[in-house]
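Per-entry structural report
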Amino acid sequence: HTRSLCDWSSDVCSSDLKLVDETPRILLEYQSRIQRGMMPLDDTTSLGIVFTERLRQLPNFAWIGYGSTISGEYVGATRRSQDAIRLVTAKPSVQNGVPVEEEISLDGDRLVVAGVESKPYYVKEKEWFRKSITLRGINWLDSYTFTDGRRGVTAVLPLRASESGKTLGVLHIDVFIHTLEQRLDQLKVGRTGRLHILDRSGRAVASPRAWRNSDPILK
């Protein structure tokens, strides 16, 4: 006899951990809009605004972005703080690839934030990107350290040309590990239960604070 986590704790089903289910839906929505010409891939400004506004609505996400295999350009939105949403654009032909970062206000004003990045960001050289273009469909990558030094997990969706099947680029959504851990701290499963998030090899990706270093049940 089995019981679902929803039977044990309604907190699990109503919690922000639903972001794990929400992520593929958003990626597929973007893919559909791109296929219909509603989100042109060569218009990085429009893409960035779409990502920025979605990130503003979803406080648990860390990054939403797109990297192009054709131009090598990258555009994404990230959360520098709870209220500071930044638009990040890295183009090999602009500033030698050093990203341009802009803060986007609620009314749409854009302010370039100087001095945030000093090193070039070539998306086609990044391990997460190189791995993603070999995949098909939506995949969660193993946890890794982002360029800002924080660890996270990334869901990716490679986009391919309908006729040739050539990979055009990669959509991605990131979640910080500390965000997952904060949610796990808030969840209760029965009297003594706890939740861990594991990768496909069984290693703990995120754990409640009390069980962050070790938990006998994981062995």
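Look above for the structure.
Throughout what follows, the structure given in this document is the object of discussion. (Residues numbered from 1 in each chain as written. Predicted model: local features only at pLDDT ≥ 70, side-chain atom pairs only at ≥ 80, totals over all residues. Heavy atoms only, no water.)

Notes on the overall build of the chain
- For the chain, the helix and strand inventory stands at 6 helices and 11 strands.
- Computed over C-alpha atoms, the radius of gyration of the chain comes to 19 Å, within 12% of the 17 Å expected from 2.2 N^0.38 for 219 residues, which places it in the range of a compact globule.
- Along the longest, intermediate and shortest principal axes, the C-alpha atoms of the chain span 55 × 40 × 30 Å.
- Here the chain holds 219 residues, and 42% of them are scored as buried.
- Carbon and sulfur atoms provide 50% of the accessible area of the chain, an area that totals close to 12,300 Å².
- With 31 positive and 27 negative side-chain charges, the chain shows a spacing of 6 Å between the two charge centroids. (Helix = DSSP H or I, 4+ residues; strand = E, 2+ residues; numbered from the N terminus. Rg over C-alpha atoms; globule rule 2.2 N^0.38 Å. Buried < 20%, exposed > 50% of the residue type's maximum accessible area, 1.4 Å probe, protein only. Areas by Shrake-Rupley, 256 points an atom, 1.4 Å probe, with all protein chains shown as cover. Lys, Arg positive; Asp, Glu negative; His and termini not counted. Charge placed at Lys NZ, Arg CZ, Asp CG, Glu CD.)

Focus on the pairing of strand E4 (residues 100-104)
- Here strand E3 (residues 85-90) pairs with E4 via 4 bridges, running antiparallel. Bridging from a neighbouring strand, threonine 89 pairs with valine 100 of E4.
- Here E4 pairs with strand E5 (residues 110-112) via 3 bridges, running antiparallel. Bridge pairing in E5 links isoleucine 104 to arginine 110.
- The turn linking E4 back onto E5 is made up of 5 residues, and glycine 108 within it adopts a positive phi angle of 95°. (Pairing = 2+ DSSP bridges.)

Quick look at the pattern of salt bridges
- Tallied over the entire structure, the rule returns 15 salt bridges.
- Ionic pairing is found between aspartate 199 and arginine 203, a salt bridge with its closest N-O pair at 3.0 Å.
- The network of salt bridges with shared partners includes Asp142, Asp199, Arg200 and Arg203. (Salt bridge = Lys/Arg side-chain N within 4 Å of Asp/Glu carboxyl O.)

Considering the packing of aromatic side chains
- According to the stated counting rule, one finds 6 aromatic pairs in the structure shown.
- Considering the side-chain rings of tyrosine 30 and phenylalanine 51, the 5.5 Å spacing of their centres and the 55° angle between planes classify their relative orientation as tilted. With tyrosine 30 in helix H3 (residues 19-35) and phenylalanine 51 in helix H4 (residues 44-57), this pair connects stretches of sequence that are 21 residues apart. With respect to class, tyrosine 30 is no different from phenylalanine 51; both count as buried.
- Look at tryptophan 128 and phenylalanine 129: their rings are 5.6 Å apart centre to centre, the planes differ by 85°, and that puts the pair in the edge-to-face class. Here tryptophan 128 and phenylalanine 129 have matching classes, each one buried.
- Among the aromatic residues, those joined into a cluster by ring pairs are Trp63, Tyr74 and Tyr121.
- For the cation-ring pair, arginine 194 lies above tryptophan 211, with the distance from its terminal atom to the ring centre recorded as 4.0 Å. (Phe/Tyr/Trp six-rings, centres within 6.5 Å; stacked < 30°, edge-to-face > 60°. Lys NZ or Arg CZ within 6 Å of the ring centre and 35° of its normal.)

What about the side chain of threonine 44?
- By secondary structure assignment, the location of threonine 44 is in helix H4.
- The class of threonine 44 is buried, set by a relative accessible area of 10%.
- Beyond its immediate sequence surroundings of up to four residues, threonine 44 is in contact with Glu73, Val75 and Lys91. (Contact = heavy atoms within 4.5 Å.)

Considerations on the nonpolar core
- Core analysis: the largest hydrophobic core is formed by 32 residues, its most contacted members being Tyr30, Phe51, Phe61, Tyr66 and Leu171.
- Excluding residues that lie within four positions of it along the chain, tyrosine 30 makes contacts with Met39, Val50, Phe51, Arg54, Ile64 and Leu171.
- Formed by 15 residues, the second largest nonpolar core is a distinct cluster that contains Tyr74, Val123, Leu141 and Val156. (Core = buried A, V, L, I, M, F, W, Y, C linked by side-chain atoms within 4.5 Å.)

A word on the environment of glutamine 186
- The topology assignment puts glutamine 186 in helix H6 (residues 177-186).
- Overall, the relative accessible area of 51% leaves glutamine 186 in the exposed class.
- For the pair formed by glutamine 186 and glutamine 31, sequence separation is 155 residues and the distance between their alpha carbons is 33 Å.

Regarding the environment of alanine 84
- Here alanine 84 shows up in the loop between strand E2 (74-79) and E3.
- Alanine 84 sits 28 residues away from arginine 56 along the chain, and the two C-alpha atoms are 8.9 Å apart.
- Setting aside anything within four residues of it in sequence, one finds alanine 84 in contact with Thr78, Arg79 and Glu103.

So, a nonpolar patch on the surface
- Together, Leu198, Ile217 and Leu218 give the surface a local cluster of nonpolar side chains, amounting to about 280 Å² of exposed area.
- When you line up the elements, leucine 198 lands in strand E10 (residues 197-198). (Patch = residues over 30% accessible without salt bridge, like charges linked within 9 Å, V, L, I, M, F, W, Y side chains within 5 Å.)

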